[in-house]
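Okay, here's what each chain looks like letter by letter:
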Amino acid sequence: CSTGIPFDGGLRCLCWKILLNYLPLEKALWSSLLKKQRDLYSQFLKEMIIQPGIAKANLGVSREDVTLEDHPLNPNPDSRWNTYFKDNEVLLQIDKDVRRLYPDMAFFQRPTDYPCLLILDPQNEFETLRKRVEQTTLKSQTVARNRSGVTNVRSSSPLKTTPNSLSEYEVLPNGCEAHWEVVERILFIYAKLNPGIAYVQGMNEIVGPLYYTFATDPNSEWKEHAEADTFFCFTNLMAEIRDNFIKSLDDSQCGITYKMEKVYSTLKEKDVELYLKLQEQNIKPQFFAFRWLTLLLSQEFLLPDVIRIWDSLFADDKRFDFLLLVCCAMLTLIRDQLLEGDFTLNMRLLQDYPISDVHLILKKAKELQDSK
């Protein structure tokens, strides 16, 4: 896998599932484990997305009146409304980020071949996450206070909202959902199940390549379950890198600051001249390595190249030590330009990395690894 997994026959999807500890090494256990995990994911959907949306069909009414025992202003932390509003804050942030996933590719805007029937079944009329976002956004736009404190209720339809908002993307017909909506659901459920970290901007960039890889699997049987499989692989990957996203751990030994410093200490071992030059120009690793490390380089290269880097990354036992070496390789490959450049020029090079040949970078990283 570390030399690049061929795309044919869904081999990459299978290898990633094994490398990310979703599938056991024993093939005989696969089908029972997959069934169990996919059923569990359906359970999450029922509890976390369908319950708050309350089925209209259940009672034959347009909406169950939950205010009988609970109401929107109930300050009790156990209040369903309190949870609903808190969730909406997280959901709005996720929504903003997933709509922007890989804007240069049409894939995430396209409808999936396997919309979530549990939620989109016309019999159910559940509130989808997209509807939830639309309602929340519309409400906040409709009620505007003028400066003297008088509340103006403006008539605002979703079609008239400003660009960059809901009308930014064409709405798919009923019963369809775009790939970005699936990613939104994965992140929302992850946030609900992991309240200690919830959702942090950037997680969308980690889940994107995983979901893309599984949702384009040539084997339709696997492709159909891309959502559940992505969720568990993402959860396993996050278990290894979540400390990078937790602000309070930044300066601890498992936090991101420590890892960024490690990029420089590794560089010092491998190329002391370049290390001293960056030090002299006061170019701190925070200026570029923060994004490289937290997002596993997913922002630095085109998606197919990111996927190729991840083959090598996932295949390495000490995958995050290898990531440090990839970062060092990226620095040493542009050493001549960095040694000649001034602060401004070098910052531009590091924040918009000039080499697009990831095979060259991985080859260099391997050399650095072997020279230990």
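Look up a bit, the structure's there.
In this text the structure is predicted, and so the values were computed from the model without any measurement. (Residues numbered from 1 in each chain as written. Predicted model: local features only at pLDDT ≥ 70, side-chain atom pairs only at ≥ 80, totals over all residues. Heavy atoms only, no water.)

Visitor: For the overall build of the chain, give the residues involved together with the corresponding values.
Guide: Within the chain one finds 18 helices and 2 strands. Across the 372 residues of the chain, 47% fall into the buried class. Nonlocal contacts in the chain, meaning residues at least 24 apart in sequence, comprise 71% of its contacts between residues at least 6 apart. Summed over its atoms, the accessible surface of the chain is roughly 19400 Å², and 53% of this surface lies on carbon and sulfur atoms. (Helix = DSSP H or I, 4+ residues; strand = E, 2+ residues; numbered from the N terminus. Buried < 20%, exposed > 50% of the residue type's maximum accessible area, 1.4 Å probe, protein only. Contact = heavy atoms within 4.5 Å. Areas by Shrake-Rupley, 256 points an atom, 1.4 Å probe, with all protein chains shown as cover.)

Visitor: Got a sec to walk through the pattern of salt bridges? Specific residues and values, please.
Guide: Across all of its chains, the model carries 16 salt bridges by this definition. With a shortest N-O distance of 2.8 Å, Glu-177 and Arg-185 are connected by a salt bridge. For the pair shown, Glu-177 and Arg-185 are each scored as buried. With a shortest N-O distance of 4.0 Å, Asp-336 and Arg-335 are connected by a salt bridge. (Salt bridge = Lys/Arg side-chain N within 4 Å of Asp/Glu carboxyl O.)

Visitor: Tell me about the environment of Ile-334, and please be specific about residues and values.
Guide: Examined against the element boundaries, Ile-334 turns out to sit in the loop between helix H15 (319–333) and helix H16 (335–340). Among the residues examined, Ile-334 registers a relative accessible area of 0% and is labelled buried. Separated by 12 residues in sequence, Ile-334 and Asn-346 have C-alpha atoms that sit 9.8 Å apart. For Ile-334, the residues in contact, after removing those within four places along its chain, are Leu-349, Leu-350, Tyr-353, Pro-354 and Ile-355.

Visitor: Please set out the state of the cysteines residue by residue, giving values where relevant.
Guide: Under the defined criterion, the tally for this structure stands at 0 disulfides. Left unpaired, Cys-1 is separated from the closest cysteine sulfur, that of Cys-15, by 3.8 Å. With no disulfide of its own, Cys-328 lies 7.2 Å from the sulfur of Cys-327, the closest cysteine sulfur. (Disulfide = S-S within 2.5 Å.)

Visitor: Tell me about empty space enclosed by the protein, and please be specific about residues and values.
Guide: Applying the stated criterion across every chain, the model contains 1 cavity of 30 Å³ or more. Of the pockets and cavities examined, the largest cavity occupies roughly 70 Å³. What lines the largest cavity is simply Ile-49, Ile-119, Thr-128, Leu-129, Arg-130, Glu-177, Glu-181, Glu-184 and Arg-185. Secondary-structure elements contributing two or more residues to the lining of the largest cavity are helix H6 (129–142) and helix H7 (179–193). Ranked by residue count, the leading element in the lining of the largest cavity is H7, at 3 residues. Residues belonging to the lining of the largest cavity are distributed by class as follows: 3 nonpolar, 1 polar and 5 charged. (1 Å grid on protein atoms, 1.4 Å probe; cavity = no way out; pocket = protein on both sides within 12 Å on 5 of 7 lines; lining within 4 Å. Points joined across faces, edges and corners; volume = space filled by probe spheres on them. Nonpolar A, V, L, I, M, F, W, Y, C, P; charged D, E, K, R; others polar.)

Visitor: Account for the packing of aromatic side chains, naming residues and giving values.
Guide: With the rule as written, the count across this model stands at 17 aromatic pairs. Ring centres 5.8 Å apart and planes at 10° place the aromatic pair Tyr-22 and Phe-232 in the stacked group. Here Tyr-22 is found in the loop between helix H1 (11–19) and helix H2 (30–53), whereas its partner Phe-232 is found in helix H10 (residues 226–241), with 210 residues between them in sequence. Assessed through its relative accessible area of 4%, Tyr-22 is described here as buried. Judged by its relative accessible area of 9%, Phe-232 is buried. Ring geometry for Trp-292 versus Tyr-353: centroids 6.0 Å apart, planes at 85°, classification edge-to-face. (Phe/Tyr/Trp six-rings, centres within 6.5 Å; stacked < 30°, edge-to-face > 60°.)

Visitor: Pulling in residues and values, what's your account of the packing of helix H14 (residues 303–315) against H15?
Guide: Two elements in contact, H14 and H15, have axes separated by 7 Å at closest approach and are oriented at 135°. The pairing of H14 with H15 is recorded here as oblique in orientation. Across the interface between the two elements, Ser-312, Leu-313 and Phe-314 from H14 touch Arg-319, Phe-322 and Leu-323 from H15. (Axes fitted to C-alpha atoms, helices over the stretch in contact; angles between N-to-C directions. Parallel < 35°, antiparallel > 145°, perpendicular 65-115°, else oblique.)

Visitor: Can you break down the environment of Val-306 residue by residue, with the values?
Guide: One can find Val-306 in helix H14. Apart from the residues lying within four places of it in its own chain, the contact partners of Val-306 are Tyr-102, Pro-209, Leu-297, Ser-298 and Phe-301.

Visitor: Describe unusual backbone geometry, naming the residues involved and giving the relevant values.
Guide: Generally, phi is negative for residues other than glycine and the peptide bonds are trans, each holding for most cases. We note that Asn-21 has phi near 60°; this positive angle belongs to a residue other than glycine. For Asn-21, the location among the structural elements is in the loop between H1 and H2.

Visitor: I'd like a rundown of the environment of Asp-104, residues and numbers included.
Guide: Following the sequence through the fold, Asp-104 ends up in the loop between helix H4 (80–98) and helix H5 (117–120). Owing to a relative accessible area of 59%, Asp-104 belongs among the exposed residues under this scheme. Here the alpha-carbon distance between Asp-104 and Leu-303, two residues 199 residues apart in the chain, equals 10.0 Å.

Visitor: So, the side chain of Thr-266: which residues are in play, and what are the values?
Guide: Mapped onto the fold, Thr-266 is located in helix H11 (residues 256–270). Residue Thr-266 is classed as buried on the basis of its relative accessible area of 10%.

Visitor: Tell me what's going on with the packing of H1 against helix H8 (residues 203–215), and back it up with residues and numbers.
Guide: Their axes nearest at 8 Å, the elements H1 and H8 cross at an angle of 130°. Taken as axis vectors, H1 and H8 run oblique relative to one another. For H1 against H8, the interelement crossing comes out left-handed. Each of Arg-12, Cys-13, Trp-16 and Lys-17 in H1 lies in contact with H8, whose residues at this interface are Pro-209, Leu-210, Thr-213 and Phe-214. For the contact of H1 with H8, a count of residues per class yields 5 nonpolar, 1 polar and 2 charged. (Left-handed = near helix turned anticlockwise from the far one by under 90°.)

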